[in-house]
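Chain by chain, the residues run as shown.
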Amino acid sequence: MSTSTEQPLYLRIADRLENMIQAGTLRAGDRIPSVRQFGQQQGVSVPTVMQAYTLLESRRLIEARPKSGFYVTARLAKSLVEPSLPRHKPTRASLEGLSSVFNAVRDTNDPRLVPLGSAVPSDDLVPLEKLARASASIVRRNPAATFRYDPAPGSPALRKELSRRSIDWGCAFEPDDFIVTVGASEALHLALMAVTKPGDTVLVESPGYYGTLSLLAKLKLNVVPVPACICGLELNAVREAVKKYDVAAMLVIPNFSNPAGGFMSESNRRTLLQIADEHDIPIVEDDIYGDLPHQGPRPPCLKALDRSGRVLLCGSYSKTLAPGLRVGYLVGGRHHDQLMELKNTLNLGGPALSAMTVAEFLRSGGYDRHLRKLREAYRLQTCRTREKVAETFPEGTRVSNPEGGLVLWLELPEQVDVLDVYREARAAGINFAPGTLFSPQGLFRNCLRLSCGNPWTPRIEEGIATLGAIARKHAEP
Ligand SMILES: Cc1ncc(COP(=O)(O)O)c(C=O)c1O
């Protein structure tokens, strides 16, 4: 008898799985079969498989995630620490000198560049055929309605589906509570127009999404950037800001913020609402990533806790279905009528075909199936990207570890000027979002955002490795 057969069965199973992990057949983030499934496949009892999995856990090769199963642990070449909370004070800043994001945004559409810049699902993750079939069938069945103006509040079919889904957001809105918008961008635009006037000051997250900063600049608003990290806004700084300045509105992303990946706890959300209540400040909530937790149920939105009707909720299907559909929504509460008028003045409605296509997708159950796959893809891609960053970026690099969404926020050693890295990476055919885009004050010069919206391919892997090598060069004393 050979030695291996003398070993207990659970040990042999554990060794076999370990070999597969070491050989890279099973990779970081891969889900391994459930205990029951594995037992059935291999004709082994559940307790034996459980013993093998427990051993692999103690060897730190796999990890159990609540209600989700067992996953191969990321084998980070070095331990990765979360980026630190930005240390700056909440100080008012004008947006007059905000540099144009036009070049960076144009680059994100350049197919020659490795796409680590734009926070969108790659074409491979968009259900192209199903969307094409749904829209073709809608046009065939009802061409007139498809090509008419679709004035606010927009497609009744879509608002009905949004109403149904809002139960998952902790809200239970009526179809008439919604206004269909041209992406979350228009929802944010309308919401800000409703609650501010030029010259006002808006509290924003720091780092903050550059698209919204540009919008605020065009609306001639000032901002108070408040430090934010993986736990969301720093509430002491929020208190300081609202005491010091006459804040007209707050703009927040409580679920998986862009770029920091922040997720606010329920108690922090309640405190934020309390501060807003005390100072009577409206809150514009951007929930564009709410449907994208990497595992577990969809988190509620901030609006679900809003008892005084001060939250205007914005969202879209750009990150979950397809950015080109341009379908978003807005729940404006007491501002609803004013928002309807604004919306119709701006563009006489939105693209009906897109709205009806999304409605059909939501109605048929196709969205939930698609979302399960997409969330798993984003989780896996985020995990692999962190692993590659740990292997290739300079010592001292910090990386976020978000529980949802599709972006990672990196803090490089202090001496690195990310704009130098950006220029060199671009020449090497790689696109990413430099940290300075996320601050009107030019902060985050040693930070960057990586998009994980693309399936893991040799091109993406090599792109990250090359970027890491460029960053290492710039980190040298
Ligand atoms: C936080 C955030 N809000 C809004 C948007 C704009 O979304 P949409 O394409 O739906 O207009 C984006 C897109 O990147 C985003 O990241």
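Residues numbered from 1 in each chain as written. Predicted model: local features only at pLDDT ≥ 70, side-chain atom pairs only at ≥ 80, totals over all residues. Heavy atoms only, no water.

- If you look the protein up in an unreviewed UniProt entry, it shows as PLP-dependent aminotransferase family protein from Luteolibacter ambystomatis.
- Of the comments in the UniProt record for the protein, the one headed Sequence similarities (unreviewed entry) reads "In the C-terminal section; belongs to the class-I pyridoxal-phosphate-dependent aminotransferase family." (UniProt positions renumbered as here; feature names shortened; annotations may be inferred.)

Brief notes about the sheet that holds strand E3 (residues 69-72)
- Within the open sheet, the three strands sit side by side as E1-E3-E2. Their pairing is antiparallel. The strands lining the two open edges of the sheet, one partner per strand, are strand E1 (31-32) and strand E2 (62-65).
- As paired strands, E2 and E3 are joined by four bridges and run antiparallel to one another. Along E3, the bridge assignment pairs Ala64 with Phe70. (Pairing = 2+ DSSP bridges. Helix = DSSP H or I, 4+ residues; strand = E, 2+ residues; numbered from the N terminus.)

Some words on the domain arrangement of the protein
- Its domain assignment divides the protein into domain 1 (3-72), domain 2 (102-123 + 369-475) and domain 3 (128-368).
- Distance from the C-alpha centre of domain 1 to the C-alpha centre of domain 3: 42 Å. (Domains from an automatic or database assignment.)

Describing the sheet that holds strand E13 (residues 398-399)
- Read from one edge of the open sheet, five strands run E4-E15-E16-E14-E13, paired in mixed fashion. Only two strands of the sheet have a single partner each, and these edge strands are strand E4 (114-116) and E13.
- Sitting on the sheet, helix H17 (residues 458-475) is in contact with E4, strand E15 (430-434) and strand E16 (447-451), with an inclination near 75° to E4. (Contact = heavy atoms within 4.5 Å. Axes fitted to C-alpha atoms, helices over the stretch in contact; angles between N-to-C directions.)

Quick notes on the packing of aromatic side chains
- Applying the stated criterion across every chain, the model contains 14 aromatic pairs.
- A ring pair is formed by Phe256 and Phe263, whose centres lie 5.3 Å apart and whose planes are at 25°; its orientation type is stacked.
- Between Trp409 and Phe438, the aromatic rings sit 5.4 Å apart at their centres with planes inclined by 80°, giving edge-to-face as the arrangement. With a gap of 29 residues between them, Trp409 in strand E14 (residues 407-411) and Phe438 in the loop between E15 and E16 connect regions that are remote in the sequence. Across the pair, exposure class does not vary: Trp409 and Phe438 are buried alike.
- Here a set of aromatic residues connected by ring pairs shows up, and it is made of Trp169, Phe173, Phe178, Tyr317, Tyr329 and Tyr367.
- Cation over ring: Arg65 sits above Tyr71, and NZ or CZ is 4.3 Å from the ring centre.
- Note that Arg269 overlies the ring of Phe263, its terminal NZ or CZ placed 4.9 Å from the centroid. (Phe/Tyr/Trp six-rings, centres within 6.5 Å; stacked < 30°, edge-to-face > 60°. Buried < 20%, exposed > 50% of the residue type's maximum accessible area, 1.4 Å probe, protein only. Lys NZ or Arg CZ within 6 Å of the ring centre and 35° of its normal.)

As for the side chain of Asn454
- In this fold, Asn454 is placed in the loop between E16 and H17.
- Exposure remark for Asn454: the relative accessible area of 16% places this residue in the buried category.
- Discounting residues that sit within four places of it in the chain, Asn454 has contacts with Pro115, Ser122, Gln381 and Ile460.

Notes on the nonpolar core
- In terms of nonpolar packing, the biggest core is built from 38 residues, with Leu158, Trp169, Tyr317 and Val358 touching the most fellow members.
- Listing elements by their share of this core, those giving two or more residues are helix H8 (156-165), strand E5 (178-181), strand E12 (328-331), helix H14 (352-364) and helix H15 (366-392).
- If you count residues domain by domain, this core takes at least three from each of domain 2 (102-123 + 369-475) and domain 3 (128-368). (Core = buried A, V, L, I, M, F, W, Y, C linked by side-chain atoms within 4.5 Å.)

Regarding the site of the ligand
- As a structural note, the neighbourhood of the ligand is formed by 14 residues, with Ser185, Asp286, Tyr289, Ser316 and Lys319 the closest of them.
- The contact in question runs from an oxygen atom of the ligand to an N or O atom on the side chain of Ser316, over 2.7 Å.
- Measuring from an oxygen atom of the ligand, one finds a side-chain N or O atom of Ser318 at 2.7 Å.
- Contact with the protein chains covers 92% of the free accessible surface of the ligand, which is 400 Å².
- With four residues, the single largest contributor to the shell around the ligand is helix H9 (residues 183-195).
- When the residues that make up the shell around the ligand are grouped by side-chain class, the tally is six nonpolar, five polar and three charged. (Near = heavy atom within 4 Å. Polar contact = N/O pair within 3.5 Å; in protein donor to acceptor, adjacent residues only side chain to side chain. Areas by Shrake-Rupley, 256 points an atom, 1.4 Å probe, with all protein chains shown as cover. Nonpolar A, V, L, I, M, F, W, Y, C, P; charged D, E, K, R; others polar.)

Some thoughts on the environment of Ser122
- Residue position: Ser122 is located in the loop between E4 and helix H6 (128-141).
- In the structure, Ser122 is positioned 333 residues away from Pro455 in sequence and 7.6 Å away in space, judged by C-alpha atoms.
- Contacts of Ser122, omitting those with residues within four sequence positions, involve Gly453, Asn454 and Pro455.

Points about the UniProt feature "domain: HTH gntR-type" (unreviewed entry) in the protein
- UniProt's feature table lists "domain: HTH gntR-type" (unreviewed entry) at residues 7-75, given in the numbering used throughout.
- In residues 7-75, the share of helix is 51% and the share of strand is 14%. The end C-alpha atoms are 27 Å apart.

Re the state of the cysteines
- Scanning the entire structure with this criterion turns up zero disulfides.
- No disulfide involves Cys171; its nearest neighbouring cysteine sulfur is the one of Cys301, lying 3.5 Å away.
- Among the residues examined, Cys171 registers a relative accessible area of 18% and is labelled buried.
- Cys229 provides the cysteine sulfur closest to Cys231, a residue in no disulfide bond, and the two sulfurs are 4.6 Å apart.
- Exposure remark for Cys231: the relative accessible area of 43% places this residue in the partly exposed category. (Disulfide = S-S within 2.5 Å.)

Description of the environment of Pro394
- If you trace the backbone, Pro394 turns up in the loop between H15 and E13.
- Note on Pro394: relative accessible area 4%, which makes it buried.

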